[in-house]
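Reading the structure
Spelled out, the chains give:
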Amino acid sequence: MATKNILIVPGDGIGQEVTTVGKKVLDAIAKKFNHEFIYDEALIGHVAIEATGNPLPDESLAKMKKSDAVLFGAVGHPKYDNDPSAKVRPEQGLLKMRKELGLYANIRPIKLFDELLSASSIKPEILKGADILFFRELTGDIYFGEKGRKNNGDTAFDVAEYSRYEVERIARKAFDAARTRRKKLCSVDKANVLETSRLWREVIQKIALEYPDVEIEHQFVDATAMLLIKDPRRFDVVVTANLFGDILTDEASQIAGSMGMLASASIGDGTGVYEPIHGSAHDITGKGVANPLASILSAALLLDISFGLKEESEAIINAVDAVLKQGFRTRDIADANTPTEKILGTNAMGEEVLKLL
Ligand code: NAD
């Protein structure tokens, strides 16, 4: 029996709707496997700005640091998307959380449930069997370097920076993971033009010497973008920098059929944060149609990575698989052959998963 403190941080938009379902699934696991999960909740993003003026209030950050793991939803609001000049913004809360918790590795398993082969925009024969584990560096690169304007505001700049240490620690995580899988690691960079990428490649080549059992290849990011669609099965573990990872993992989400299916883990040396890869999706907020499976699968990742509860994690993944096999779909993963009575809303989809647990 494990006793753990889990902080629920739903954030904005559909983050609220899907995280409620993710928490219910954690509850069901606690009952089934006789664990004690103690929950608390904290604000982030637009809802935190409305309540306190701060996208990540100190109280939320303190709760995060104290908890054993965080189940996170999403942040974002159309008000800010349409106002690039807003000084206080929901995503500042997200970036600060990553920085303060030292979450330097974002891990995204990209695996298609067989039942969803036809829901992807890629041909089933190219997709079947694809199973990729992405490691995206999360605290360096162009997002965190110096940024500003010059020439009376007519020229803008964002500086990309990486230190040897930052590359080394994510490289080790990725090599370790490759060892537990098919022992192939693809490092993605743009070393033909970027100095940060040349350092990246140099460090990866050095760490590779410590892992002679792992086959390493280096790909340029533009080629990787093409290969992911052309031949996704060629990849096992992929490691890349923050900006390239941001773009490539959204592209790879199409391999899994929908953004609503993909979970991610952000880890460092302390509390880990588990979240769907999708955003707050204001186009569907409040309609009860958001797919909760990414949040449910985030709960599965949380149990596996932060608590080492592998059997519990697999129980969730198997329940999701079984629900899909029964033909249930949310709108985003339904296709022309899905009967309307099998198309469920957020809560009803959650209930089907809970029934199987
Ligand atoms: P998004 O992921 O919110 O939505 C993209 C599209 O996918 C939308 O059409 C949406 O309806 C659909 N979608 C996403 N999740 C779904 C789900 N669970 N079920 C069904 N359909 C789903 O991305 P966006 O529209 O570019 O951004 C919306 C807001 O979210 C913005 O404010 C953005 O800044 C923010 N955002 C936050 C995060 C985060 O918190 N990690 C990530 C991406 C975007």
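Residues numbered from 1 in each chain as written. Predicted model: local features only at pLDDT ≥ 70, side-chain atom pairs only at ≥ 80, totals over all residues. Heavy atoms only, no water.

1. Remarks on the overall build of the protein
Scanning the protein from terminus to terminus reveals 13 helices and 12 strands. A compact globule built from 357 residues would reach a C-alpha radius of gyration of about 21 Å, and the protein, at 20 Å, matches this within 12%. By principal-axis analysis of the C-alpha atoms, the protein measures approximately 55 × 50 × 45 Å. Considering the protein as a whole, with its 357 residues, one finds that 54% of them fall into the buried category. Contacts in the protein between residues far apart in sequence, at least 24 positions, make up 75% of those at least 6 positions apart. Charged side chains in the protein number 45 positive and 53 negative. The centres of these two groups are separated by 2 Å. (Helix = DSSP H or I, 4+ residues; strand = E, 2+ residues; numbered from the N terminus. Rg over C-alpha atoms; globule rule 2.2 N^0.38 Å. Buried < 20%, exposed > 50% of the residue type's maximum accessible area, 1.4 Å probe, protein only. Contact = heavy atoms within 4.5 Å. Lys, Arg positive; Asp, Glu negative; His and termini not counted. Charge placed at Lys NZ, Arg CZ, Asp CG, Glu CD.)

2. Some details on the site of the ligand
Residues in contact with the ligand amount to 19 residues; listed here are only the nearest, V75, D81, G279, A281 and D283. Separating an oxygen atom of the ligand from a side-chain N or O atom of D81 is a distance of 2.8 Å. In terms of residue class, the shell around the ligand is built from 8 nonpolar, 7 polar and 4 charged. (Near = heavy atom within 4 Å. Polar contact = N/O pair within 3.5 Å; in protein donor to acceptor, adjacent residues only side chain to side chain. Nonpolar A, V, L, I, M, F, W, Y, C, P; charged D, E, K, R; others polar.)

3. Here we look at the packing of aromatic side chains
Scanning all chains against the criterion turns up 3 aromatic pairs. Between F175 and Y211, the aromatic rings sit 4.7 Å apart at their centres with planes inclined by 15°, giving stacked as the arrangement. Of the two residues, F175 is situated in helix α7 (residues 164-179) and Y211 in the loop between α8 (195-208) and β9 (215-220); the sequence distance between them amounts to 36 residues. On the basis of relative accessibility, which here comes to 0%, the residue F175 falls in the buried class. Above the face of the F328 ring, K342 is positioned so that its terminal group lies 4.5 Å from the ring centre. (Phe/Tyr/Trp six-rings, centres within 6.5 Å; stacked < 30°, edge-to-face > 60°. Lys NZ or Arg CZ within 6 Å of the ring centre and 35° of its normal.)

4. A short note on the domain arrangement of the protein
Examined at the domain level, the protein breaks down into domain 1 (1-110 + 256-357) and domain 2 (131-254). Averaged C-alpha coordinates put domain 1 and domain 2 at centres separated by 25 Å. Of the residues lining the interface, 19 residues belong to domain 1; the matching set on domain 2 comes to 18 residues. Three residues stand out in domain 1 for area buried against domain 2, namely Y104, R108 and I110, and they jointly supply 40% of the buried area on that side. Put simply, domain 1 and domain 2 have 1 salt bridge between them. Ionic pairing is found between D250 and R108, a salt bridge with its closest N-O pair at 3.8 Å. Across the contact surface, domain 1 and domain 2 share 6 residue pairs in polar contact (both at pLDDT 80 or more). For the side of domain 1 that touches domain 2, the secondary structure elements donating two or more residues are α5 (90-100), β4 (105-111) and β11 (263-267). Looking at the side of domain 1 that touches domain 2, the element that brings in the most residues is β4, giving 6 residues. Each residue belonging to the side of domain 1 that touches domain 2 can be placed in one class, and the counts come to 12 nonpolar, 4 polar and 3 charged. (Domains from an automatic or database assignment. Buried area = accessible area lost by both parts, 1.4 Å probe. Salt bridge = Lys/Arg side-chain N within 4 Å of Asp/Glu carboxyl O.)

5. Details of the packing of α7 against α8
Where α7 meets α8, the axes come as close as 9 Å, and the angle between the chain directions of the two elements is 45°. Relative to α8, the element α7 lies oblique. Note that α7 runs across α8; the crossing there is right-handed. Contacts between α7 and α8 pair R164, V167, E168, I170, A171, R172 and F175 from the former with L199, W200, E202, V203, I204, K206, I207 and A208 from the latter. Here the contact of α7 with α8 is composed, by residue class, of 10 nonpolar, no polar and 5 charged. (Axes fitted to C-alpha atoms, helices over the stretch in contact; angles between N-to-C directions. Parallel < 35°, antiparallel > 145°, perpendicular 65-115°, else oblique. Left-handed = near helix turned anticlockwise from the far one by under 90°.)

6. Some words on the sheet that holds strand β2 (residues 36-41)
Picture the strands of a sheet paired through backbone hydrogen bonds; they go either parallel or antiparallel. Taken in spatial order, the 10 strands of this open sheet run β2-β1-β3-β12-β11-β4-β5-β10-β8-β9, and their pairing is mixed. Looking along the sheet, the strands with just one partner apiece sit at the ends: β2 and β9. Direction aside, neighbouring strands of the sheet carry axes that sit 25° apart on average. As paired strands, β4 and β11 are joined by 3 bridges and run antiparallel to one another. (Pairing = 2+ DSSP bridges.)

7. Thoughts on unusual backbone geometry
Backbone geometry at N34 places phi at a positive 60°, although glycine is not the residue there. The topology assignment puts N34 in the loop between α1 (14-33) and β2. Here A281, not a glycine, exhibits a phi torsion of approximately 40°, which is positive. As for its placement among the helices and strands, A281 is situated in the loop between β12 (272-276) and α11 (293-305). Under the relative-accessibility criterion, A281 is labelled partly exposed at 25%.

8. Let's talk about the nonpolar core
Note on soluble globular proteins: their nonpolar side chains tend to be buried together. Within the largest apolar cluster, 89 residues are counted, with the highest numbers of intra-cluster contacts made by F37, F135, F175, I255, L293 and L303. With 8 residues, the top contributor of residues to this core is α11. Lining this core are residues from two domains, each supplying at least three of them: domain 1 (1-110 + 256-357) and domain 2 (131-254). Apart from the residues lying within four places of it in its own chain, the contact partners of I255 are I110, L112, S120, I122, L127, A130, I132, L228 and P232. Counting residues in hydrophobic clusters, the runner-up holds 16 residues, among them I44, V75, L101 and V273. (Core = buried A, V, L, I, M, F, W, Y, C linked by side-chain atoms within 4.5 Å.)

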